[in-house]
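Reading the structure
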Amino acid sequence: MVTFEPLDPYLFSASEACCSAFAVFIQIQGCLICLSLAIGWAFAAYVRNGEIRRMKHNIKDGNSFAFLCDNINDLEHSCQIKLPRVSVVMPLKGFGEHNLQNWRSQITSLYGGPLEFLFVVESTEDPAYNAVCMLLDDFKDNIATQIVVAGLSTTCSQKIHNQLVGVERMHKDSKYVLFLDDDVRLHPGSIGALTAEMEKNPDIFIQTGYPLDLPSGTFGSYCIYEYHMPCSMGFATGGRTFFLWGGCMMMHADDFRNDLYGVVTGLRDGGYSDDMTLAAIAGAHKRLITSPPVAVFPHPLASDLSFPRYWNYLRKQTFVLESYISRVNWIMNRALFTVHFYLSWGFVAPYFMAMIHIAAALRVYFRAYSFEGTSTSGGLILAGCLAVCTFIELLSMWNLTKVEIQLCNNLSPEGPPVSLGSYNWGLIFLAMLVDNFLYPISAIKSHFSQSINWSGVRYHLKNGKIHKIDRKKESDFKYSDLGGKHLYGQKGASTKTSFLSYLTRSLVHRHQHKKADA
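Residues numbered from 1 in each chain as written. Predicted model: local features only at pLDDT ≥ 70, side-chain atom pairs only at ≥ 80, totals over all residues. Heavy atoms only, no water.

- As annotated in an unreviewed UniProt entry, the protein chain carries the name ceramide glucosyltransferase and comes from Macleaya cordata.
- The UniProt entry for the protein chain carries the following text under Subcellular location (unreviewed entry): "Membrane".
- Looking at the protein chain in UniProt, the text filed under Sequence similarities (unreviewed entry) is "Belongs to the glycosyltransferase 2 family." (UniProt positions renumbered as here; feature names shortened; annotations may be inferred.)

1. A closer look at the overall build of the protein chain
- Across its full length, the protein chain carries 16 helices and 12 strands.
- If you take every contact in the protein chain between residues at least 6 apart in sequence, the share linking residues at least 24 apart comes to 80%.
- Surface summary for the protein chain: the accessible area is close to 23,800 Å², and the carbon and sulfur share equals 61%. (Helix = DSSP H or I, 4+ residues; strand = E, 2+ residues; numbered from the N terminus. Contact = heavy atoms within 4.5 Å. Areas by Shrake-Rupley, 256 points an atom, 1.4 Å probe, with all protein chains shown as cover.)

2. Comments concerning the nonpolar core
- Counting 56 residues, the largest nonpolar core has L212, Y310, F347, M397, Y423 and I428 as its most contacted members.
- Taken together, the elements giving at least two residues each to this core come down to α2 (21–60), β6 (210–214), α8 (219–232), α12 (307–319), α13 (327–367), α14 (374–411) and α15 (425–449).
- In terms of residue count, the dominant contributor to this core is α14 (11 residues).
- Residue-level mapping places this core at the junction of two domains, with at least three residues from each of domain 1 (5–35 + 338–457) and domain 2 (40–306).
- In this structure, A131, L136, Y210 and L288 belong to the second largest nonpolar core, which totals 37 residues. (Core = buried A, V, L, I, M, F, W, Y, C linked by side-chain atoms within 4.5 Å. Buried < 20%, exposed > 50% of the residue type's maximum accessible area, 1.4 Å probe, protein only. Domains from an automatic or database assignment.)

3. Some thoughts on the packing of α12 against α15
- The interhelical angle for the contact between α12 and α15, taken along N-to-C directions, is 55°, at an axis separation of 8 Å. Between α12 and α15, the angle is such that the two are oblique. Crossing geometry of α12 relative to α15 is assigned as right-handed. Across the interface between the two elements, F307, Y310, W311, L314, R315, T318 and F319 from α12 touch V434, D435, L438, Y439, I441, S442, A443, K445, S446 and S449 from α15. (Axes fitted to C-alpha atoms, helices over the stretch in contact; angles between N-to-C directions. Parallel < 35°, antiparallel > 145°, perpendicular 65-115°, else oblique. Left-handed = near helix turned anticlockwise from the far one by under 90°.)

4. Topic: the UniProt feature "transmembrane region" (unreviewed entry) in the protein chain
- UniProt records the feature "transmembrane region" (unreviewed entry) at residues 20–47, 349–366 and 378–400, using the numbering of this structure.
- From the first C-alpha to the last, residues 349–366 spans 26 Å; its make-up is 100% helix and 0% strand.
- Overall, residues 378–400 shows 100% helix and 0% strand. The separation of its end C-alpha atoms is 33 Å.

5. What to know about helix α7 (residues 190–200)
- If you check which residues of α7 are buried, you get S190, I191, L194, T195 and M198. Projected down its long axis, α7 shows its buried positions confined to an angular sector of 125°, all on one face. (Arc of directions from axis to C-beta.)

6. Focus: the pairing of strand β7 (residues 248–252)
- Within β7, 5 of the 5 residues are buried, which leaves the element mostly enclosed by the surrounding structure.
- Note that strand β5 (residues 204–208) and β7 share 3 bridges and pair antiparallel. Bridge pairing links I206 to M251 in β7. (Pairing = 2+ DSSP bridges.)

7. Section: the pairing of β6
- Most of β6 sits inside the fold, with 5 of its 5 residues counted as buried.
- A two-sided burial pattern is seen for β6, the buried positions comprising Y210, L212 and L214 on one face and P211 and D213 on the other.
- One ladder, built from 5 bridges, connects β6 with strand β9 (residues 296–300); its direction is parallel. Following the sheet pairing, L212 is matched in β9 by P298.

8. A look at helix α11 (residues 274–284)
- Burial of α11 is extensive: 8 of the 11 residues sit out of reach of the surface.
- Every buried residue belonging to α11 is among D274, D275, T277, L278, A279, A280, I281 and A282, and all of these are buried.
- Two residues or fewer past α11, K286 is found with a positive phi of approximately 55°.

9. What about the state of the cysteines?
- Tallying each qualifying case throughout the model produces 0 disulfides.
- In this structure C31 is a free cysteine whose sulfur lies 4.0 Å from that of C389, the closest cysteine sulfur available. (Disulfide = S-S within 2.5 Å.)

10. As for empty space enclosed by the protein
- For the structure shown, the criterion picks out 3 cavities of 30 Å³ or more.
- Approximately 70 Å³ is the volume found for the largest cavity.
- Among the elements of the structure, α11 and α13 are those that each provide at least two residues to the lining of the largest cavity.
- Grouping the amino acids of the lining of the largest cavity by side-chain chemistry returns 4 nonpolar, 8 polar and 1 charged. (1 Å grid on protein atoms, 1.4 Å probe; cavity = no way out; pocket = protein on both sides within 12 Å on 5 of 7 lines; lining within 4 Å. Points joined across faces, edges and corners; volume = space filled by probe spheres on them. Nonpolar A, V, L, I, M, F, W, Y, C, P; charged D, E, K, R; others polar.)

11. Remarks on unusual backbone geometry
- Phi is positive for D259, which is not a glycine, with a value near 50°.
- Along the polypeptide, D259 turns up in the loop between α9 (253–257) and α10 (263–268).
- A relative accessible area of 26% places D259 in the partly exposed class.
- Positive phi is not limited to glycine here, since Y261 has a value of about 60°.
- Within the secondary structure layout, Y261 lies in the loop between α9 and α10.
- Note on Y261: relative accessible area 32%, which makes it partly exposed.

12. Details of the pattern of salt bridges
- Following the criterion strictly, the structure yields 13 salt bridges and no others.
- Salt-bridge contacts for D181 lead to K159; the nearest nitrogen and oxygen are separated by 3.0 Å. Here D181 is found in the loop between β4 (176–180) and α7, whereas its partner K159 is found in helix α6 (residues 158–169), with 22 residues between them in sequence. The burial state of D181 is the same as that of K159; both residues are buried.
- Of the charged contacts in the structure, one is a salt bridge between D269 and R268, with a shortest N-O distance of 3.2 Å.
- Given a relative accessible area of 38%, D269 falls into the partly exposed group.
- Among the residues examined, R268 registers a relative accessible area of 37% and is labelled partly exposed.
- Overlapping salt bridges, with partners in common, bring together E51, R54 and D70 in one network. (Salt bridge = Lys/Arg side-chain N within 4 Å of Asp/Glu carboxyl O.)

So, in structure tokens, the structure goes:
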């Protein structure tokens with residue numbers, strides 16, 4: 001029979017060490033980190049909830065279209081014909097289980113002004129190309145769309161290359177350009193709300209939003225959700241923000257036509273991350289970035305999102321900090337790297353110490369040791385404080401998620417409702433520990449490797465910019481990280497079968513949902 005008695009002296013010594021002045025500081029700091037996150041999420045929930053209250057008030061006053069606009073008179077034809085033209089550029093790569101629903105939500109926007117959609121792929125062999133062609137057959141005479149083949153990037157990331165090619169092909173009269181990722185599920189009034197803010201305040205340089213992750217049940221999906229949640233409070237300010245999410249960015253079209261502040265050259269010449277590059281340009285020139293309260297979008301994660309795919313996604317996120325466009329941008333990224341590194345392990349360390357305290361206390365209790373309990377009881381007090389702070393943190397995260405789900409359901413009253421019931425809070429707690437433990441490891445690996453695999457393409461950085469691009473064979477990297485998308489077609493009938501199986505499954509799921517609603 002295995003006995004742990006020989007380890008008891010080491011366990012008790014470790015528990016005493018975790019009650020030293022420095023260890024107590026680390027544990028108190030961990031509690032403060034938890035409470036800081038809870039306060040940030042509470043403020044974000046207050047801002048989002050204000051939008052819900054506003055919509056309810058408008059509905060009470062007779063505006064049945066409060067999910068589209070504040071003032072129902074804005075839907076009059078005389079107002080709609082004055083709306084500016086908007087070009088929506090969507091860089092695509094691969095095809096997955098949620099793409100059809102996401103694309104459909106984007107192209108069926110209820111924006112009343114001139115609107116065009118540009119789906120940009122790198123080649124016709126991309127599975128997204130055939131999927132978009134089939135989808136647009138249903139809307140060919142009702143919306144203005146283009147499928148643009150951009151070709152392969154040579155000086156920047158493929159996503160940025162697709163975006164810039166889309167900008168070149170947009171309508172000459174477009175006043176605004178909206179960049180959307182293919183995993184964004186828009187609300188009917190999202191484009192109108194973003195445009196209205198741009199019209200009200202011409203000083204806005206970029207408008208952005210943020211996703212609400214819908215975990216699929218896998219541990220990897222919960223790690224993604226937990227990773228995004230601390231960032232979400234920076235987008236729930238109700239106005240000015242310093243953060244930018246590349247999945248949703250609205251800008252003035254003329255800024256690209258005139259290469260204002262070098263936005264085009266900064267992206268094209270070695271750009272890796274679209275949002276970090278544009279945020280750096282905005283900061284350097286003191287330009288305004290805003291995030292309206294309604295700009296929160298459901299983001300369903302792949303049902304087969306494995307832990308290795310989460311790790312690759314985390315690697316891409318930390319690798320962003322290795323890219324920069326100026327000395328000041330490099331300093332800011334190094335500062336962000338250091339702070340995030342410290343806070344991540346500062347968050348995790350107290351939980352390891354609490355486990356030691358609890359294990360020592362259990363050994364004393366069950367073995368009835370004649371042992372001075374000062375250190376053990378003190379350790380239990382620290383562990384108890386951490387447990388209380390963790391509960392408050394999770395409660396605040398739960399509340400923000402609940403509010404954002406309610407807001408999303410209100411903004412898309414005809415769409416499939418989002419539910420909080422599917423969230424597993426035990427797995428979310430574990431994901432918090434795992435994600436914060438792995439972040440510094442991923443950041444260190446990114447710093448020393450200076451290369452990353454993004455959707456089967458390996459990018460190499462030099463002086464903060466892409467200087468080399470290696471395209472791997474299709475068999476080496478077939479799926480994207482979050483959406484679980486097929487990135488490459490295969491030659492012969494197998495490609496068509498694989499693509500059609502994905503398409504059929506998505507259509508059947510949508511039909512079943514409609515049938516259930518009926």
